[in-house]
Amino acid sequence: MPNTVLLLAAVALVPLQAADPTAPVYWSAAQTMELDKTAASRLNKAAGLGTSRLMDSAFILYREGNSQAEIHTEQADFIFFREGQGAVIMGGKIVNGKPTGAGEIRGDSIDGGAKYPVKAGDSIFVPKGMPHQFWLESGQHFTATIVKITPKE
């Protein structure tokens with residue numbers, strides 16, 4: 001009996017790990033604000049970020065520190081900045097880049113990229129294969145929704 005309960009619990013969790021939903025999903029402004037608070041409450045001080053998952057291909061990012069430089073080799077990022085301010089450095093070359101997972105390369109910084117200042121209401125598209133890094137001055141933070149896109153080729 002205990003194994004059956006454990007098996008049923010595991011099966012019930014499988015949809016949470018599955019692909020994006022096939023039915024419409026609606027998040028009210030109030031629900032999104034709660035997810036923003038959840039992301040901020042999950043702040044990893046060392047990494048300068050906290051997240052809340054919307055679905056496999058989208059999440060809310062709260063950031064109050066610089067990120068590592070990164071490249072996504074298979075997906076692009078569509079980023080909607082909803083609160084706060086900072087910058088995104090894009091292009092150039094990643095410094096000390098190393099694979100960190102499937103389709104992911106991370107490094108120390110970017111050499112030669114362009115810095116795009118961002119604030120609430122701005123959006124930015126990061127093509128697949130493009131080095132990018134979030135950059136924040138002391139005291140800055142932002143909240144953004146990031147949607148992962150598999151580009152059409």
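Residue numbers here run from 1 along each chain, matching the order of that chain's written sequence. Reporting in this predicted model follows two pLDDT cut-offs: at least 70 for local features of residues, and 80 or more for side-chain atom pairs to be given and counted; totals over whole chains, interfaces and linings ignore these cut-offs and use all residues. Here the side-chain values reflect all heavy atoms present in the structure, with hydrogen atoms and water set aside.

1. Concerning the environment of V126
Line of reasoning, step 1. Strands are runs of DSSP state E lasting at least 2 residues, helices are runs of H or I lasting at least 4, and numbering of each runs from the N terminus. With respect to the secondary-structure elements, V126 resides in strand 10 (residues 123-126).
Line of reasoning, step 2. Only protein chains enter the accessibility calculation, which uses a 1.4 Å probe. A residue is then buried if its area is under 20% of the maximum for its type, exposed if over 50%, and partly exposed in between. Residue classification places V126 among the buried residues on the basis of a relative accessible area of 1%.
Line of reasoning, step 3. In sequence terms V126 and G91 are 35 residues apart; their C-alpha atoms lie 9.4 Å from each other.
Line of reasoning, step 4. The contact partners of V126, leaving out residues within four places of it in the chain, are A76, D77, I79, M90 and H132. Contact between two residues is taken to exist if any of their heavy atoms lie within 4.5 Å; hydrogens are not considered.

2. A few points about helix 2 (residues 29-41)
Line of reasoning, step 1. Between its first and last C-alpha atoms helix 2 spans 18 Å; for 13 residues at 1.5 Å apiece the expected length is 18 Å, and the two agree.
Line of reasoning, step 2. What helix 2 keeps buried is the set T32, D36 and A39. Axial view of helix 2: buried residues confined to an arc of 65°, hence all on one face. Exposed side of helix 2, more than 90 degrees from the buried face: A30, K37 and S41 are the residues found there. Here a helix's expected span is defined as the number of its residues, less one, multiplied by 1.5 Å. To obtain the arc, one takes the directions from the helix axis to the C-beta atoms.

3. Re the nonpolar core
Line of reasoning, step 1. Here, nonpolar core means buried Ala, Val, Leu, Ile, Met, Phe, Trp, Tyr and Cys residues that are tied together by side-chain atoms lying within 4.5 Å of each other. Counting 14 residues, the largest nonpolar core has I79, F81, V88, F134 and F142 as the members making the most contacts within it.
Line of reasoning, step 2. Contributing elements (two or more residues each) for this core: strand 2 (58-63), strand 4 (76-90), strand 10 and strand 12 (142-149).
Line of reasoning, step 3. With 4 residues, strand 4 is the largest single contributor of residues to this core.

4. A word on the pairing of strand 10
Line of reasoning, step 1. Covered by surrounding structure in strand 10 are I124 and V126 only, the residues S123 and F125 on the alternate face being uncovered.
Line of reasoning, step 2. Across 4 bridges, the pairing between strand 4 and strand 10 is antiparallel. By the bridge assignment, F80 is partnered in strand 10 with S123. Any two strands with at least two DSSP bridges between them are considered paired.

5. A few points about unusual backbone geometry
For residues other than glycine, phi is negative in most cases, and the peptide bonds are mostly trans.
Line of reasoning, step 1. For N96, which is not a glycine, the phi torsion comes out positive at approximately 55°.
Line of reasoning, step 2. Position of N96 relative to the elements: it lies in the loop between strand 5 (93-95) and strand 6 (98-101).
Line of reasoning, step 3. Among the residues examined, N96 registers a relative accessible area of 47% and is labelled partly exposed.

6. Some remarks on the pattern of salt bridges
Line of reasoning, step 1. One side-chain nitrogen of Lys or Arg within 4 Å of one carboxyl oxygen of Asp or Glu is enough to make a salt bridge. Inspection of every chain in the model, using the stated rule, returns 7 salt bridges.
Line of reasoning, step 2. For K45, the salt bridge identified is with E64, shortest N-O distance 3.5 Å. Separated by 19 residues along the polypeptide, K45 in the loop between helix 2 and strand 1 (49-55) and E64 in the loop between strand 2 and strand 3 (69-72) bring together distant segments of the chain.
Line of reasoning, step 3. Using a relative accessible area of 32% as the deciding quantity, one classes E64 as partly exposed.
Line of reasoning, step 4. Taking the shortest distance from any N to any O, the salt bridge between K119 and D122 comes out at 3.6 Å.
Line of reasoning, step 5. The network of salt bridges with shared partners includes E70, E104 and R106.

So far we have only geometry, and geometry alone does not tell us how the molecule works.
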